[in-house]
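# Coordinate inspection notes
Chain by chain, the residues:
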Amino acid sequence: MAQSHASIAGLTIVDHPLVQHRLTRLRDRTTPPERFRAELRAVSQLLGTAAMADLSLASVRIETPVAPMEAPVLSSPGPVVVPILRAGLAMAEGLLDLLPEASVAHVGLYRDPGTLEAVEYYFNPPADLGRRPVLLADPMLATGHSAIAALDRLKAAGARDLRFLCLLAARPGVEAVRQAHPDVAIWTAALDPELNAHGYIVPGLGDAGDRAFGTLHT
Ligand code: URA
């Protein structure tokens, strides 16, 4: 899969043509919510494929219709998908397409509109989080506050192997996450240059949750 390692350590931009094509549809303000969710789900499959390229494998004995063989399977226990509510839900769907057997640990965070800080209202991880690869999903890495808060909570609950997947990243957010959590690698479809005064990514795509769930207020 086409990837470029941007100038920021730990950041991988998945610049596969299918990702970039779908990202343009997601950015386009005329794309309706049902199309937005479908595109985000599809891009998440491609981001997830890149982010899980180094998952460890075990060997099992099976029989094909022709002969017995030793064949690879993902090591157990398998990955946990962690969507940050609510925009992360559409990404989780794409990751679960790849890994239907994954557990899902929801993190509920909202952005305080004044401070832009993340406020937690829900967190429900599995008990064996520390033994499993953890895929944190949130479409927009803007200030990094939500991702940092979620990563803090996941580590406090025992998570060790953490990967962060986002559709779009802005440089300040990437730098903040990498500074707070240098062990967590990030996969994204694009790195946009800046944030506006409201903390939105520019050019970005607007509010990913509102775009996905049809709750635009303007
Ligand atoms: N969250 C969004 O949904 N969009 C942005 O541009 C920034 C944060």
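The preceding data block contains the structure.
The shown structure was predicted, so the numbers you read here are calculated from the model rather than taken from an experiment.

What follows deals with the packing of helix 1 (residues 17–27) against helix 2 (residues 33–51). Between helix 1 and helix 2, the shortest axis-to-axis distance is 9 Å and the interhelical angle comes to 155 degrees. What the angle tells us is that helix 1 and helix 2 run roughly antiparallel. Every pair of crossing elements has a handedness; the one defined by helix 1 and helix 2 is left-handed. Residues Leu-18, Val-19, Arg-22, Arg-25 and Leu-26 of helix 1 form the contact with helix 2, whose participating residues are Arg-35, Phe-36, Glu-39, Leu-40, Ala-42, Val-43 and Leu-46. By residue class, the composition of the contact of helix 1 with helix 2 is 8 nonpolar, no polar and 4 charged.

Near the ligand, the surroundings consist of Arg-111, Met-140, Ala-142, Gly-199, Tyr-200, Ile-201, Gly-206, Asp-207 and Ala-208. Contact distances for the ligand include 2.8 Å between an oxygen atom and a backbone N or O atom of Ile-201. Within the backbone of Gly-206, a nitrogen or oxygen atom sits 2.8 Å from a nitrogen atom of the ligand. Look at the ligand: alone it shows 240 Å² of surface, and the protein chains cover 89% of it. Per-class residue counts for the shell around the ligand are 5 nonpolar, 2 polar and 2 charged.

What follows deals with helix 3 (residues 88–98). For helix 3, the set of buried residues is Gly-88, Ala-90, Met-91, Ala-92, Gly-94 and Leu-95. Contact partners of the buried residues in helix 3: helix 2, strand 5 (80–85), strand 9 (134–137) and strand 11 (162–165).

Another aspect to go through is the side chain of His-181. Position of His-181 relative to the elements: it lies in the loop between helix 5 (171–180) and strand 13 (185–188). Classification of His-181 by relative accessible area gives buried; the value is 3%. Within polar-contact distance, the side chain of His-181 engages the side chain of Asp-152 at 2.9 Å. Of note is the side chain of His-181, whose polar atom sits 2.8 Å from the side chain of Lys-155. Among residues more than four places away in sequence, those in contact with His-181 are Ile-148, Leu-151, Asp-152 and Lys-155.

Both faces of strand 9 are covered, namely the face carrying Val-134 and Leu-136 and the face carrying Leu-135 and Ala-137. Note that strand 5 and strand 9 share 4 bridges and pair parallel. Paired with Pro-83 across the bridge in strand 9 is Ala-137. In this sheet, strand 11 lies alongside strand 9 in parallel orientation, the contact comprising 4 bridges. Bridging from a neighbouring strand, Leu-135 pairs with Arg-163 of strand 11.

Criteria and cut-off values
- Residues numbered from 1 in each chain as written.
- Predicted model: local features only at pLDDT ≥ 70, side-chain atom pairs only at ≥ 80, totals over all residues.
- Heavy atoms only, no water.
- Axes fitted to C-alpha atoms, helices over the stretch in contact; angles between N-to-C directions.
- Helix = DSSP H or I, 4+ residues; strand = E, 2+ residues; numbered from the N terminus.
- Parallel < 35°, antiparallel > 145°, perpendicular 65-115°, else oblique.
- Left-handed = near helix turned anticlockwise from the far one by under 90°.
- Contact = heavy atoms within 4.5 Å.
- Nonpolar A, V, L, I, M, F, W, Y, C, P; charged D, E, K, R; others polar.
- Near = heavy atom within 4 Å.
- Polar contact = N/O pair within 3.5 Å; in protein donor to acceptor, adjacent residues only side chain to side chain.
- Areas by Shrake-Rupley, 256 points an atom, 1.4 Å probe, with all protein chains shown as cover.
- Buried < 20%, exposed > 50% of the residue type's maximum accessible area, 1.4 Å probe, protein only.
- Pairing = 2+ DSSP bridges.

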